[in-house]
Amino acid sequence: MSTGAPPLSNPPKPQVKALNCPQCGAAIVLRSLGNAETVVCASCHSILDAKDPNLQILQKFNVITGEVPPMIPLGTRGKIRGTDYEVIGFQRRSITVEGIRYDWHEYVLFNPYKPTRYLTEYQGHWNDISVCKELPTVQFAAVNYLGEIYKHFQTAEANTNYVLGEFPWQVRVGEHATVTDYVKPPRVLSSEKMANEVTWSIGEYMYGADIWKAFNLPGQAPEAVGVYENQPSPVSENVKGIWSAFLAFAILLLVLLAGFDLASSKTTVFDSSYRLNAGEPKGEASFVTDVFNLDGRTSNVQVTTSANVDNSWIYLNYALIDQDSGQAWDFGREVSYYHGYDSDGSWTEGSRKDEVVIPSVPAGHYYLRIEPEVDPRHPPLVYTVQVRRDVTVPGLFGVAFLALLIPAIAITWRSMSFERARWAESDHPPIHIGSSEE
Amino acid sequence: MTQPVSNCPNCGAKIVFKWSSSVQTVCPYCKSILVRTDVDLKKVGQVADLPPDSSPIQLNTEGIYRNKAFVVIGRILYEYDQGGWNEWHITMNDGTSAWLSDAQNEYAISFATNTTGLPAAKQIQVGQQYNWNKQSYTLTVITPAHYRGVEGELPFQYWDKTDVTFADLRSETGKFATLDYSDEDPALYLGEFVEFDDLKLKNLRSFEGW
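Criteria and thresholds
- Residues numbered from 1 in each chain as written.
- Chains lettered and ligands numbered in written order.
- Predicted model: local features only at pLDDT ≥ 70, side-chain atom pairs only at ≥ 80, totals over all residues.
- Pairing = 2+ DSSP bridges.
- Helix = DSSP H or I, 4+ residues; strand = E, 2+ residues; numbered from the N terminus.
- Axes fitted to C-alpha atoms, helices over the stretch in contact; angles between N-to-C directions.
- pLDDT = per-residue confidence, 0-100.
- Contact = placed C-beta atoms within 7 Å.
- Domains from an automatic or database assignment.
- Nonpolar A, V, L, I, M, F, W, Y, C, P; charged D, E, K, R; others polar.
- Core = buried A, V, L, I, M, F, W, Y, C linked by C-beta atoms within 7 Å.
- Buried ≥ 20, exposed ≤ 12 C-beta atoms within 10 Å, placed from the backbone.

Caption draft 1: Region of interest: the sheet that holds strand E3 (residues 24–26) of chain B. All names here are of chain B. In spatial order, the strands read E3-E4-E5; together these three strands make up an open sheet with antiparallel pairing. Whereas interior strands pair on both sides, the edge strands pair on one side only; in this sheet they are E3 and strand E5 (41–46). Each adjacent strand pair in this sheet contributes to an overall mean axis angle of 30°, direction not counted. Where E3 lies against strand E4 (residues 32–36), three bridges are found, and the strand directions are antiparallel. When the sheet's bridge partners are listed, threonine 25 is paired in E4 with leucine 34.

Spelled out as structure tokens, the structure:
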């Protein structure tokens with residue numbers, strides 16, 4: 001060796017190399033400099049040894065007609081999470097589950113300073129994928145990665161069907177790997193097991209529109225079909241929120257209920273008992289009560305009827321009448337109570353007490369007109385009529401409670417439907433879907 | 001040890017050692033592999049042309065690791081059936097020596113250990129667990145590699161190799177370990193994966209269009 005010229009300057013800058021395919025003579029472009037291990041001739045589909053100056057042919061493969069070209073053309077540059085990458089390789093891989101083949105595409109992204117990155121695309125669903133530095137630990141049907149739990153989604157044999165461009169590894173058509181996916185939307189953790197090596201990678205879901213923007217692609221990204229394994233649910237984020245809101249409002253309602261209960265006067269303004277002898281005067285007569293005062297703001301009035309009925313009934317026609325204006329509120333109430341014993345044990349029906357609330361009764365002097373009815377053969381009966389002013393009505397709060405509950409349940413239901421659609425495609429489909437397909 | 005400055009016994013060029021503990025270097029002019037003896041430098045071999053390389057790192061690349069500045073002073077280049085990788089020999093500003101490995105732009109920094117009782121090459125299998133320095137490691141890949149060449153200063157003699165086996169181990173926390181079966185007794189290197197941006201590297205190679 002001669003002493004030669006001292007290497008004072010740095011080695012020449014690597015450049016995109018122009019070469020020719022030894023099989024068909026077509027131009028071969030090497031974009032990833034010395035990084036490429038294999039490069040595929042786009043014209044004759046020979047897989048060539050990129051490290052060999054003569055581009056030795058490693059494998060030739062047949063291409064089915066109608067092979068889909070990459071959606072992001074090779075050589076396109078784009079920015080993913082702040083770093084520029086160039087698309088240098090493209091492959092189509094597939095798994096076969098229960099006789100159905102599922103194909104997806106992988107794009108190899110190159111930056112001379114950064115680790116190789118990948119994009120995958122399946123029916124309009126994209127993932128940004130990089131190799132894990134930290135080792136995930138498998139625990140039953142899940143994996144712990146950096147303290148987070150990823151659920152097992154699917155294990156399948158992946159086959160490489162079609163390759164284009166260049167790869168920083170020895171790519172071959174027909175190569176198999178056992179691919180296992182674990183999901184924690186929007187992320188997916190995948191292990192690829194080959195003979196001597198297990199590679200873990202971490203992917204994050206990306207929307208087609210964001211890919212289109214990142215690579216400045218013409219037109220619109222194809223619409224995503226169905227729900228993908230790690231696609232973030234549009235509603236699951238809301239489920240917690242709506243239930244927190246529901247809880248907050250429910251507490252508020254309870255506080256309001258308690259407040260109204262404290263504020264309502266609940267004064268008993270009338271309380272009287274009557275004896276009814278069914279047989280005595282033919283044709284039940286009506287009678288009026290003494291006058292009682294309803295005070296304060298316009299508010300409700302509660303009329304409680306109790307009777308010692310026993311396997312019998314009493315029906316009362318009421319009228320609450322304003323002595324001064326003559327305005328009347330008519331209403332009928334029935335008190336009935338039945339009980340007995342049958343093959344299922346003892347039973348009861350009805351109650352010896354009945355309550356009714358008449359809303360918005362202004363203050364004034366009032367009396368009740370009462371017309372009781374019973375079975376003519378009924379033994380003598382005692383009933384009590386009690387009138388209370390300004391009571392709380394929990395029923396209204398119940399309606400408000402339901403009004404809050406319904407959207408919470410609706411959102412939870414939507415979220416569950418989304419998760420069912422997600423897991424229907426997994427190794428662990430929801431039970432009813434699995435059984436209906438058998 | 002010789003002075004840090006001496007002459008290449010092959011071509012007479014001045015050889016300056018950047019690190020006083022370097023045992024071997026390569027003459028930048030005639031590519032002779034030179035080993036330090038008690039009195040002078042001895043030529044033990046010759047580096048064939050290294051294959052075109054895609055690493056952004058080169059000799060004299062500087063960086064920072066755990067608040068310590070380092071400089072790249074040498075490297076060993078390996079090849080295996082899925083590609084090649086570089087073990088860059090770096091020295092920290094406190095005089096310690098370490099390795100910055102660059103495998104397809106995945107970077108890790110590791111330090112030599114004098115751990116004994118290491119498993120023999122025949123015993124290792126993918127999936128095995130080992131504990132060193134209270135850290136658990138899982139063996140993820142065994143790489144039968146081929147020594148391809150050296151450049152610059154190294155902390156040991158390394159030039160007459162052909163096939164060497166490495167086992168890489170990873171942890172749940174991003175720690176990294178390598179079992180090196182280059183010599184009769186295995187050697188253990190412990191370290192961690194590092195992000196390119198975190199190393200704040202200077203004097204990198206530039207790439208056309210990037």
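Caption draft 2: Representation of the confidence of the model for chain A within the structure. All names here are of chain A. Scored by pLDDT, chain A has a mean of 88; 93% of the residues are at 70 or more. This model gives residues 1–10 a pLDDT under 50, and the stretch forms 14 contacts once residues within four places in sequence are excluded. Overall, residues 433–438 carries pLDDT values under 50, and its contacts beyond four positions in sequence, including any with other chains, amount to two contacts.

Caption draft 3: Structural context of the pairing of strand E6 (residues 62–65) of chain B. Residue and element names in this part refer to chain B. Note that E6 and strand E7 (residues 68–80) share four bridges and pair antiparallel. Within the sheet, the bridge partner assigned to glycine 63 lies in E7 and is phenylalanine 70. Between E6 and the antiparallel strand that follows it, E7, lie two residues; arginine 66 among them carries a positive phi value of about 50°.

Caption draft 4: Focus on the domain arrangement of chain A. By the assigned domains, chain A splits into domain 1 (17–232), domain 2 (237–260 + 396–437) and domain 3 (268–391). Placing a centre on the C-alpha atoms of domain 2 of chain A and another on those of domain 3 of chain A gives a separation of 42 Å.

Caption draft 5: Local environment of the domain arrangement of chain B. All names here are of chain B. Split by domain assignment, chain B resolves into domain 1 (5–46) and domain 2 (62–199). The gap between the C-alpha centroids of domain 1 and domain 2 is 24 Å. For the side of domain 1 that touches domain 2, the secondary-structure elements that each account for two or more residues are E3, E4 and E5. In terms of residue count, E3 provides more of the side of domain 1 that touches domain 2 than any other element does, three residues in total.

Caption draft 6: Structural view of the interface of chain B and chain A. Opposite the 36 residues of chain B that make contact, chain A presents 31 residues. Take the side of chain B that touches chain A: its biggest share by element is four residues, from strand E12 (residues 135–152) of chain B. Of the residues that constitute the side of chain B that touches chain A, the class distribution is 15 nonpolar, 13 polar and eight charged.

Caption draft 7: Structural context of the sheet that holds strand E17 (residues 267–276) of chain A. Residues and elements named next belong to chain A. Read from one edge of the open sheet, four strands run E17-E26-E20-E24, paired in antiparallel fashion. Because the sheet does not close on itself, it has two edges, and the strands there are E17 and strand E24 (353–361). Across the sheet, the mean angle separating the axes of adjacent strands is 15° when strand polarity is ignored. Bridging between E17 and strand E26 (residues 381–389) involves nine bridges; their strand directions are antiparallel. Along E26, the bridge assignment pairs threonine 268 with arginine 388.

Caption draft 8: Layout of the nonpolar core. Core analysis: the largest hydrophobic core is formed by 33 residues, its most contacted members being Ile28(A), Val39(A), Leu48(A), Tyr107(A) and Leu109(A). Only strand E2 (27–30), strand E3 (38–40), strand E4 (46–49), strand E7 (83–97), strand E8 (100–110), strand E13 (148–167) and helix H1 (208–214) of chain A provide two or more residues apiece to this core. In this view, Leu48(A) contacts Cys21(A), Ile28(A), Thr38(A), Val39(A), Cys41(A), Leu55(A), Gln56(A), Ile57(A) and Leu58(A); residues no more than four positions away in its chain are not counted. Among the nonpolar cores identified, the runner-up in size contains 26 residues, and Trp19(B), Trp99(B), Leu179(B) and Phe193(B) belong to it.

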